[in-house]
Amino acid sequence: MSEFSNPNLEVLISSEEIQQRIKQMGADVARDYAGLNPLLIGVLKGACIFLSDLMRAADIPLGLEFIAISSYGASMRTSGEVRILKDLDVAIEGRHILVVEDIVDTGLTLSYLLANLKSRGAASVKLAALLDKFERREKEVPIDYLGFPIPDKFVVGYGLDFAERYRNLPFIAVVRDPEV
Ligand code: PRP
């Protein structure tokens with residue numbers, strides 16, 4: 001059975017639309033960070049596809065790091081605190097940081113992470129996010145480079161999962177029936 005033409009998926013943003021938008025975002029990043037040797041930090045796991053396309057659209061010298069943080073949990077909902085499961089391999093003091101995320105939802109994860117990275121003495125900390133589910137925001141998070149605002153629907157694909165499935169879709173889709 002084909003996963004990409006699964007009838008349980010309704011395409012929200014096509015592969016072509018995503019690639020076109022990321023080309024523009026990469027050009028914006030290249031223009032803004034020319035001569036600054038930025039460090040791109042991908043937030044595992046969902047951001048990996050967006051990150052790999054965005055960095056190849058940004059034609060400047062740059063560095064790459066990954067961070068893994070705990071996902072949705074009851075304790076985070078109340079405290080806003082996020083656990084770092086895999087930290088950066090390098091110090092970031094004086095570096096220009098661009099955090100790369102697949103989606104900003106409540107904003108709890110990113111507001112914690114951006115503050116954490118700033119506290120390590122970075123020269124600047126900005127955020128690139130492919131998707132902004134703005135209606136669900138609980139904590140304000142400035143998105144410096146945004147792909148697409150999206151409605152409050154459960155989306156998968158292009159790195160985003162439903163129970164670890166669908167990350168490999170080349171497009172963003174809404175799951176019609178989560179039980180299938
Ligand atoms: C997603 C996304 C962000 C976070 C955003 O990750 O990549 O890290 O949720 O949500 P928030 O704005 O409500 O804090 P997820 O927990 O799904 O982990 P994954 O990337 O490993 O799939």
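Not measured: the values here are computed from a predicted model.

J.: So what about the side chain of R167? Which residues, and what values?
T.: Along the chain, the position of R167 falls in the loop between β8 (155-156) and β9 (172-175). Look at R167 and you get buried, because its relative accessible area is 18%. Within polar-contact distance, the side chain of R167 engages the side chain of E164 at 3.0 Å. Once you skip the residues sitting within four places of it in the chain, R167 turns out to touch K45, G46, I49, G157, Y158, G159, L160 and D161.

J.: So what's going on with helix α4 (residues 108-118)? Residues and values would help.
T.: Summarising burial for α4: eight of the 11 residues are buried, a large majority. Buried within α4 are the following residues: L108, T109, L110, S111, L113, L114, N116 and L117.

J.: Tell me about the site of the ligand, and name the residues and values.
T.: With respect to spatial proximity, 17 residues lie near the ligand, and among them E101, D102, T106, G107 and T109 are the closest. Here an oxygen atom of the ligand and a backbone polar atom of G107 are 2.7 Å apart. Bound to the protein, the ligand loses 88% of the 500 Å² it would expose on its own. Contributions of two or more residues to the shell around the ligand are made by β5 (96-104) and α4. The biggest single contributor to the shell around the ligand is β5, with four residues. A per-class count over the shell around the ligand returns six nonpolar, five polar and six charged.

What counts and how
Residue positions are counted from 1 within each chain, in the order its sequence is given. Where local features are concerned, this predicted model is filtered to residues with pLDDT of at least 70; where side-chain atom pairs are given and counted, the filter is 80 or more; whole-chain, interface and lining totals use all residues. Neither water nor hydrogens contribute to the side-chain values; these are computed over all heavy atoms in the structure. Labels follow the DSSP assignment, with helices taken as runs of H or I lasting at least four residues and strands as runs of E lasting at least two, numbered in each case from the N terminus. Each residue is assigned to one of three classes by its accessible area relative to the maximum for its type, calculated with a 1.4 Å probe on protein chains only: buried under 20%, partly exposed between the two thresholds, exposed over 50%. Think of a polar contact as two N or O atoms within 3.5 Å of one another; within protein, one of them needs to be a possible hydrogen donor and the other a possible acceptor, and neighboring residues in sequence only count if both atoms come from side chains. Note on definitions: a residue-residue contact is assigned when non-hydrogen atoms from the two residues lie within 4.5 Å. Note on terminology: near, applied to a residue and a molecule or strand, indicates that one of the residue's heavy atoms is within 4 Å of it. The protein chains shown are the only cover counted for residues, whose accessible areas, like all others here, come from Shrake-Rupley with a 1.4 Å probe. Three categories are distinguished: nonpolar for Ala, Val, Leu, Ile, Met, Phe, Trp, Tyr, Cys and Pro, charged for Asp, Glu, Lys and Arg, and polar for the others, with Gly belonging to the last.

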